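# Geometric and topological summary
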Amino acid sequence: MLLSVKGLTHYFGGLRAVNDFNMEIEKGIIQGLIGPNGAGKTTTFNLITGMHVPTSGEIIFSGDNITGKPAYHIAGKGIARTFQNLKLFSRLTVRENIRVVQNKQGKDAAAEEERLIKLFELEKYAEYRSCDLPYGAQRRLEIARALAIKPKLLLLDEPAAGMNPSEVDNLSELINMIIKEFDITILLIEHQMRMVMKLCHKLTVLNFGEVIATGAPRDILNNSGVVEAYLGKGGASIRGKRSER
Ligand SMILES: Nc1ncnc2c1ncn2[C@@H]1O[C@H](COP(=O)(O)OP(=O)(O)OP(=O)(O)O)[C@@H](O)[C@H]1O
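Residues numbered from 1 in each chain as written. Predicted model: local features only at pLDDT ≥ 70, side-chain atom pairs only at ≥ 80, totals over all residues.

### Observations regarding unusual backbone geometry
One non-glycine residue with positive phi stands out, namely K150, at about 55°. Along the chain, the position of K150 falls in the loop between α5 (135–147) and β7 (153–157). K150 gets classed as partly exposed once you count the C-beta atoms within 10 Å, which come to 14. The backbone phi angle of F208 is positive, close to 45°, even though this residue is not glycine. Secondary-structure assignment places F208 in the loop between β9 (202–207) and β10 (210–215). (Helix = DSSP H or I, 4+ residues; strand = E, 2+ residues; numbered from the N terminus. Buried ≥ 20, exposed ≤ 12 C-beta atoms within 10 Å, placed from the backbone.)

Right under this line is the structure:
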């Protein structure tokens, strides 16, 4: 397993945001982490990436226990992330945003910078400050910048937030391209179910900080506990169809 999370629990004061969370991620796949608002998805990302120290539990990445290690250490081990609300260096150019996170400078780094700019269709914006980019391009840049640290595991936190349907389709293609072009594994938080169903090989479903289901996307869609968690008893399904009552 590339990542094993065991018994992860996190309290914010008296609020238990993540409760005995277990998850395993195999190398080379796109795994989805879904669940209703406030279920604890972003908190889980923050725990994995060292932004919060868990109350208890263990996180093993590539055989190393990274539980409670500082964020720079975890990034150095090969876990990169993007944020729900973009966190680009707004006054730096596209090129500079990528360059500042690269570990080394030199010929190889410059070639990698060009490759990322090209793959993410950012050529025409390369010298623009990131704050001057259209929204979709900012989102692409955030993923390109995360890849610039050459991670083994990429955590994407709602990359389709605020996108229109055609932008969501483009993003899905981009994520498929990433898994082909880079030697990488992806953990994806996303509310857009169409995208989740299209991309993910496996899903983990969180509700009130607990895992309520894990498995193949098709099985998850038909899991009554999951449907209930999203919409309450007797509600519509997460497939978007209204159920007859
Ligand atoms: N820094 C914090 N301090 C206190 N409570 C927090 C903090 N961050 C998150 N929470 C609480 O922890 C719970 C889980 O939040 P989290 O953001 O992880 O959920 P989420 O599944 O990512 O939700 P969404 O889909 O809305 O982004 C929520 O009740 C939230 O209010």
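### Description of the domain arrangement of the protein chain
What the domain assignment lists for the protein chain is domain 1 (1–78 + 159–245) and domain 2 (87–150). Taken over C-alpha atoms, the centre of domain 1 sits 25 Å from the centre of domain 2. With 9 residues of domain 1 at the contact, the number on the domain 2 side is 8 residues. At 4 residues, the largest contribution of residues to the side of domain 1 that touches domain 2 is made by helix α6 (residues 165–181). (Domains from an automatic or database assignment. Contact = placed C-beta atoms within 7 Å.)

### What about the sheet that holds strand β2 (residues 15–25)?
Spatially, 4 strands are ordered β2-β1-β4-β5 in an open sheet, and the strand pairing comes out antiparallel. The open sheet has two edge strands with one neighbour each: β2 and β5 (64–65). Where strand β1 (residues 3–12) lies against strand β4 (residues 56–61), 5 bridges are found, and the strand directions are antiparallel. Each residue of the ladder has a partner; that of V5, found in β4, is I59. (Pairing = 2+ DSSP bridges.)

### Focus on the site of the ligand
Taken together, F12, L15, A17, G35, N37, G38, A39, G40, K41, T42 and T43 make up all the residues around the ligand. At the level of secondary structure, the elements contributing two or more residues to the shell around the ligand comprise β2 and α1 (41–48). Top element by residues in the shell around the ligand is α1. It accounts for 3 residues. Of the residues contributing to the shell around the ligand, the split by class is 4 nonpolar, 6 polar and 1 charged. (Near = placed C-beta within 6 Å. Nonpolar A, V, L, I, M, F, W, Y, C, P; charged D, E, K, R; others polar.)

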